[in-house]
Each structure stands twice: as C-alpha cells, then as structure tokens.
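Below are the chains, spelled out letter by letter.
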Amino acid sequence: IVADGCVLLFLVALLMSVETSTALTVVVIGTVTTWFLFQGMKRRVYRLGIENDRANGLRFQQCIEILQSVREIKVFHKIEYFVGKFGLASQRFASVFAKANTAQLLPSSALQTLAGVMLMGMAVWMITSGWAFQKIVTVVSLYAVAGYRMLPSLNRLSGALSMLKQHQPILVKVMGTLLIT
C-alpha cells in the first residue's frame, strides 16, 4: 500500500509540474468522485462482511454437527438430510462471498471509467480552449501514460480498503474475544 501511495504521489507531482491548473482540476475531480464512490460502497461492503461472517459460521456449525454425529447419521440413514442442510449453508456462503467480491470490483471499474471520461473531457476542453495541437497531444499523452500507471495502484488501494471494510466485523469479533480472555 505504501509503494502504491508513493507512486501516486510521484505521478501527481509530475503532472502538477507540467500543467498545474489542469492537474489540479483532474486531481480534485478524481478525488471527490472517488470519495463519494467509496462512501456509497462502504456501508454495503460492511453489511456483506457481516453476512459473510454469519454464513461462514453457519457452515462451520453444520460441519461440527455432522462430524459429531457421524455414527447416528449413518445408522438412521440421514445422510441426505445433512448433505442438504450443509449444502444450503454452503450455497448461502458462496452467494454472499460472490456478492462481496463483486462489490469490491465495482470501485475499480468505476475508477477506470472515470479516468477515461476525464481524459476525453480534458482533450475536448483543450481543443475548445484553443490550445495548440502539439501541446494537446503532448499533455493528453502524458495524462494517458500517468493514468495507465496510476490505475493499477488505485485498484490495489481500492481493493485493500474494500477488503478491510468487508472483514471489519470479523476483526471486531476476534478483538472482542481476545480482550475478554
């Protein structure tokens, strides 16, 4: 995370040194949009983390019940019943897990779309403002290369923050258990 943060800061400083007003505009718009995006996703990812913890707990509870009653299950021919019961818990866990992973991917897709739209908008603004063609090509190319290098770092940061938020309920539960003992 630290390395990605350093890469982002270096690229922003580079863009600021080339064209300060444009870079400042792009950074402010990008930061504000990203902040709103994460604020919108934060609550959903947290709820999915709670659901994920419950579903995983239910799945482990089913496993323990099955392992503790193997003999009774075999004697009373209840294999299908317990397989169905465990299957439902596993399906719920898989469904919540898939939703959580999808929710973690949405910010990175939105960031990529935002970067493309901002790059095109910047080019249109430069053309309508009467910039020289050579300068437009140079500045837009620089922003395209910087964006190409920034997006993986932003995506890794986004994924790490989403994962931390998703697993926050589990961490709180573990910390509560550790503080009690």
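Residues numbered from 1 in each chain as written. Predicted model: local features only at pLDDT ≥ 70, side-chain atom pairs only at ≥ 80, totals over all residues. Heavy atoms only, no water.

K.L.:
What am I meant to see in the nonpolar core here?
P.N.:
As a rule of thumb, soluble globular proteins bury nonpolar side chains together. Leu15, Met126, Val140 and Tyr143 are the most contacted members of the largest nonpolar core, which has 15 residues in total. Those elements giving two or more residues to this core turn out to be helix H1 (2–18), helix H4 (79–128) and helix H5 (133–166). The dominant element in this core, judged by the number of residues it contributes, is H5, at seven residues. With residues up to four places along the chain from it excluded, the contact list for Met126 reads Thr22, Trp131, Ile136, Val139 and Val140. By size, the runner-up hydrophobic cluster in this structure holds five residues, among which are Val45, Leu48, Ala100 and Ala103. (Core = buried A, V, L, I, M, F, W, Y, C linked by side-chain atoms within 4.5 Å. Buried < 20%, exposed > 50% of the residue type's maximum accessible area, 1.4 Å probe, protein only. Helix = DSSP H or I, 4+ residues; strand = E, 2+ residues; numbered from the N terminus. Contact = heavy atoms within 4.5 Å.)

K.L.:
Got a minute to help me understand the environment of Gly30 in this structure?
P.N.:
For Gly30, the position within the fold is in helix H2 (residues 20–68). Note: C-alpha distance between Gly30 and Leu114 (84 residues apart in sequence) is 7.6 Å. What Gly30 contacts, discounting residues up to four positions off in sequence, is Leu114 and Met118.

K.L.:
Please clarify how H5 should be interpreted in this entry.
P.N.:
Residues lying three or four places apart along an α-helix face the same way, a consequence of the helix completing one turn every 3.6 residues. A rise of 1.5 Å per residue sets the reference length of H5, with its 34 residues, at 50 Å; its end C-alpha atoms lie 47 Å apart and thus fit the reference within 8%. Along H5, the sharpest kink reaches roughly 30°, centred on Met150 and followed within four residues by the proline Pro152. (Expected span 1.5 Å × (residues − 1). Bend = angle between axes of the 7 residues up to and from the residue.)

K.L.:
Can you walk me through the side chain of Gln62 in this structure?
P.N.:
Relative to the helices and strands, Gln62 resides in helix H2. Setting aside residues up to four positions removed in sequence, Gln62 forms contacts with Lys85, Phe86 and Ala89.

K.L.:
Please clarify how the pattern of salt bridges should be interpreted in this entry.
P.N.:
Using the criterion set out here, one finds two salt bridges in the structure. Taking the shortest distance from any N to any O, the salt bridge between Asp53 and Lys173 comes out at 2.7 Å. Taken as a pair, Asp53 in helix H2 and Lys173 in helix H6 (residues 168–180) lie far apart in primary sequence, 120 residues in all. Judged by its relative accessible area of 17%, Asp53 falls in the buried class. The class of Lys173 is exposed, set by a relative accessible area of 51%. (Salt bridge = Lys/Arg side-chain N within 4 Å of Asp/Glu carboxyl O.)

K.L.:
What should I look at first to understand the packing of H4 against H5 in this one?
P.N.:
Two quantities define a packed helix pair, namely the angle between the axes and the distance from one axis to the other. Their axes nearest at 9 Å, the elements H4 and H5 cross at an angle of 160°. By the angle class used here, H4 and H5 are roughly antiparallel. Considering only the axes of H4 and H5, their crossing is right-handed. Listed contacts from H5 to Ala100, Gln104, Pro107, Ser108, Leu111, Gln112, Ala115, Leu119, Met122, Ala123, Met126 and Ile127 of H4 are Ile136, Val139, Val140, Tyr143, Ala144, Leu151, Leu154, Asn155, Ser158, Ser162, Met163 and Gln166. (Axes fitted to C-alpha atoms, helices over the stretch in contact; angles between N-to-C directions. Parallel < 35°, antiparallel > 145°, perpendicular 65-115°, else oblique. Left-handed = near helix turned anticlockwise from the far one by under 90°.)

K.L.:
Explanation requested: a nonpolar patch on the surface in the structure shown.
P.N.:
Taken together, the side chains of Leu24, Val28, Val32, Trp35 and Phe36 present a nonpolar region at the surface, about 520 Å² in accessible area. Tracing the sequence through the fold places Val28 in helix H2. By relative accessible area, which is 47% here, Val28 ends up partly exposed. (Patch = residues over 30% accessible without salt bridge, like charges linked within 9 Å, V, L, I, M, F, W, Y side chains within 5 Å. Areas by Shrake-Rupley, 256 points an atom, 1.4 Å probe, with all protein chains shown as cover.)

K.L.:
Help me understand the packing of aromatic side chains, please; the structure alone is not making it clear to me.
P.N.:
Within the structure shown, the criterion is met by three aromatic pairs. Ring centres of Trp35 and Phe36 lie 5.1 Å apart, and the angle between their planes is 75°; on these two criteria the pair is classed as edge-to-face. For Phe36, a relative accessible area of 55% corresponds to the exposed category. The ring of Phe60 carries Arg59 above its face, with NZ or CZ at 5.5 Å from the centroid. (Phe/Tyr/Trp six-rings, centres within 6.5 Å; stacked < 30°, edge-to-face > 60°. Lys NZ or Arg CZ within 6 Å of the ring centre and 35° of its normal.)

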